[in-house]
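Each chain is listed here by its residues.
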Amino acid sequence: MDREETLLKIDDLYVKYRTVDDDVYAVNGVDLELKRGEAVGIVGETGAGKTTLALSILGLLPKGVGEVYRGDIYFKGQDLLNTQEKKMREIRGAQISMIFQDPMTSLNPVFTVGDQIAEVLKLHGTKQYAREQENAPKSDRNENKAGMSREAIDARVDEILELVGIESSRKICYPHQLSGGMKQRIVIAMALACEPDLLIADEPTTALDVTIQSQVLAMIDDIQKRYNTSLIMITHDFGVVAETCDKVAIMYAGEIIEYGTLEQIFDRSLPHHPYTVGLFNSIPDLTSDKPRLEPISGLTPDPAHLPEGCYFSPRCPYCTERCTAAAPSVTQLEEGHIVKCHRFSAESGTEGR
């Protein structure tokens, strides 16, 4: 598959959660496109809708509560929102994998880590095994393409453990016998065992110390490039984005309010959405002698009662009457760099930052 081929395309996606009191609008009109081998970082405060977006792609929204009520999600041209659950189970793990934030919630404490990686292979096999089956004489084919032999599964478990920096002898360990960093590596090994086309990492280093975090990020980056896997990195840490991503989507109140290449988003001399500026101002800068950081004032809006007009307007230092009356449209600042803010729209006639 060519790198320029579109692997994932999300069009005008809206997601809400139904509760007893109110509907909670978690994702509000997201558009996102991901090429083969591309890494996109999704950055935003807690409650921005990042994890909900990921769960929507996998079809894992809580049943009876979470609902995609508008929009489309296409993966390799297939409409995921209208795919039967049986088919989605074949896609999850094999073609789309997810690394969750807390490894202990992803690992079963009563099974060894080797058995848990092996279970993924028993269900899905690997791309290499599927290719071998297709090329084998018909009489030698296994009707179940995921039906790898025990020897082949053991060999793959050893291989994938070595790939994530863990000795294969540790496969007999239980999760409680491993450190936090090693447990996260095991979860990454499970996610990569079947060589997925798309890897979604939901704040995979939050619970790790700085040294282990750096090692895990370097490993994810190396493996992503080795397999030419597309990556969605969900985080609130610009340092993580800088280390692993090609493009950046800034998410606020369920919307992508700015999107561009890593260079465009990190170049402080370029115009940016006021929220993006606020995020960067909240990061310590060793070259600055400011005695205090400049955090964004106020709180993220209640997704059950979003404000009229621009969702960021109650916190924006540039808010005008127009901002509270109408939602801003998307403006392209330069090729590949878009922002959703009235200050940059053609009608405003401004080039402010």
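Keep in mind it's a predicted model, so treat the numbers as computed, not measured.

**A look at the overall build of the protein**
Tallying secondary structure elements over the protein gives 11 helices and 12 strands in all. In summary, the protein has a C-alpha radius of gyration of 22 Å against a globular reference of 20 Å for 353 residues, a match within 12%. Its C-alpha atoms give the protein principal-axis dimensions of roughly 70 × 45 × 45 Å. When burial is assessed residue by residue, the protein has 49% of its 353 residues classed as buried. For the protein, contacts bridging at least 24 residues in sequence account for 66% of all contacts bridging at least 6. Accessible surface computed for the protein: about 17500 Å², of which carbon and sulfur atoms make up 50%. A distance of 4 Å separates the average location of the 37 positive side-chain charges in the protein from that of its 54 negative side-chain charges.

**Some thoughts on helix α6 (residues 180-192)**
With 13 residues, α6 ought to run about 18 Å at 1.5 Å a step, and its terminal C-alpha atoms sit 19 Å apart, in line with that. The buried fraction of α6 amounts to 11 of the 13 residues, a majority that puts the element mostly inside the structure. Of all the positions in α6, only Gly-181, Lys-183, Gln-184, Arg-185, Ile-186, Val-187, Ile-188, Ala-189, Met-190, Ala-191 and Leu-192 are classed as buried. Looking at the packing, one finds that the buried side of α6 touches β6 (96-99), α3 (113-124), α5 (150-163), β7 (198-202) and α7 (210-227).

**Comments concerning the nonpolar core**
Counting 58 residues, the largest nonpolar core has Ile-117, Ile-186, Ile-188, Met-233, Ile-250 and Tyr-275 as its most contacted members. Per-element tally for this core: the top contributor is α6, with seven residues. For Ile-250, the contacting residues outside a window of four places in its chain are Val-43, Phe-238, Glu-255, Ile-256, Ile-257, Glu-258, Ile-265, Tyr-275, Thr-276 and Leu-279. In terms of nonpolar packing, the next biggest core, distinct from the first, is built from 35 residues, Leu-7, Ala-54, Met-88 and Ala-249 among them.

**A few points about the sheet that holds strand β12 (residues 337-340)**
Pairing between sheet strands relies on hydrogen bonds along the backbone, with the strands arranged either parallel or antiparallel. In space, the eight strands of this open sheet follow the order β6-β7-β8-β3-β9-β10-β12-β11, with mixed pairing throughout. With partners counted over all chains shown, the strands left at the sheet margins are β6 and β11 (330-334), one partner each. Across the sheet, the mean angle from the axis of one strand to that of its neighbour is 20 degrees, orientation sign disregarded. Examined bridge by bridge, strand β10 (residues 255-261) and β12 share two bridges and lie antiparallel to one another. Looking at β12, one finds that Tyr-259 is bridged to Ile-338.

**Let's talk about unusual backbone geometry**
The residue Lys-76 is not glycine, and still its phi comes out positive at about 50 degrees. Structurally, Lys-76 is set in the loop between β4 (66-75) and β5 (78-79). Assessed through its relative accessible area of 36%, Lys-76 is described here as partly exposed. Despite not being glycine, Asn-228 has its phi angle at roughly 55 degrees, a positive value.

**Structural notes on the sheet that holds strand β1 (residues 6-18)**
Spatially, four strands are ordered β2-β1-β4-β5 in an open sheet, and the strand pairing comes out antiparallel. This sheet does not close on itself; its edge strands, each paired only once, are β2 (23-35) and β5. One ladder, built from eight bridges, connects β1 with β4; its direction is antiparallel. Residue pairing for β4: Tyr-17 is matched across the bridge by Gly-66. Sitting on the sheet, helix α1 (residues 50-58) touches β1, β2 and β4, and the angle it makes with β1 is about 115 degrees.

**Quick notes on α3**
The end-to-end C-alpha distance of α3, which contains 12 residues, comes to 17 Å, matching closely the 16 Å that a straight helix rising 1.5 Å per residue would cover. The complete set of buried residues in α3 reads Val-113, Gly-114, Gln-116, Ile-117, Ala-118, Val-120 and Leu-121. On its buried face, α3 is in contact with α5 and α6.

**Examining the packing of α3 against α5**
Closest axis-to-axis distance for the α3/α5 pair is 9 Å, and the angle between their directions is 120 degrees. Put simply, α3 runs oblique to α5. Seen from above, α3 lies across α5 with right-handed handedness. Contacts between α3 and α5 involve Gly-114, Ile-117, Ala-118, Leu-121 and Lys-122 on the former and, on the latter, Ile-153, Arg-156, Val-157, Ile-160 and Leu-161. For the contact of α3 with α5, the residue count by class is seven nonpolar, one polar and two charged.

**A look at the packing of α5 against α7**
Running from N to C, α5 and α7 point in directions that differ by 125 degrees, and their axes come no closer than 11 Å. Considered as vectors, α5 and α7 are oriented oblique to each other. Facing α5, whose interface residues are Arg-156, Ile-160 and Leu-163, α7 presents Met-219, Ile-223, Arg-226 and Tyr-227. Residues belonging to the contact of α5 with α7 are distributed by class as follows: five nonpolar, no polar and two charged.

Rules and cut-offs
Residues numbered from 1 in each chain as written. Predicted model: local features only at pLDDT ≥ 70, side-chain atom pairs only at ≥ 80, totals over all residues. Heavy atoms only, no water. Helix = DSSP H or I, 4+ residues; strand = E, 2+ residues; numbered from the N terminus. Rg over C-alpha atoms; globule rule 2.2 N^0.38 Å. Buried < 20%, exposed > 50% of the residue type's maximum accessible area, 1.4 Å probe, protein only. Contact = heavy atoms within 4.5 Å. Areas by Shrake-Rupley, 256 points an atom, 1.4 Å probe, with all protein chains shown as cover. Lys, Arg positive; Asp, Glu negative; His and termini not counted. Charge placed at Lys NZ, Arg CZ, Asp CG, Glu CD. Expected span 1.5 Å × (residues − 1). Core = buried A, V, L, I, M, F, W, Y, C linked by side-chain atoms within 4.5 Å. Pairing = 2+ DSSP bridges. Axes fitted to C-alpha atoms, helices over the stretch in contact; angles between N-to-C directions. Parallel < 35°, antiparallel > 145°, perpendicular 65-115°, else oblique. Left-handed = near helix turned anticlockwise from the far one by under 90°. Nonpolar A, V, L, I, M, F, W, Y, C, P; charged D, E, K, R; others polar.

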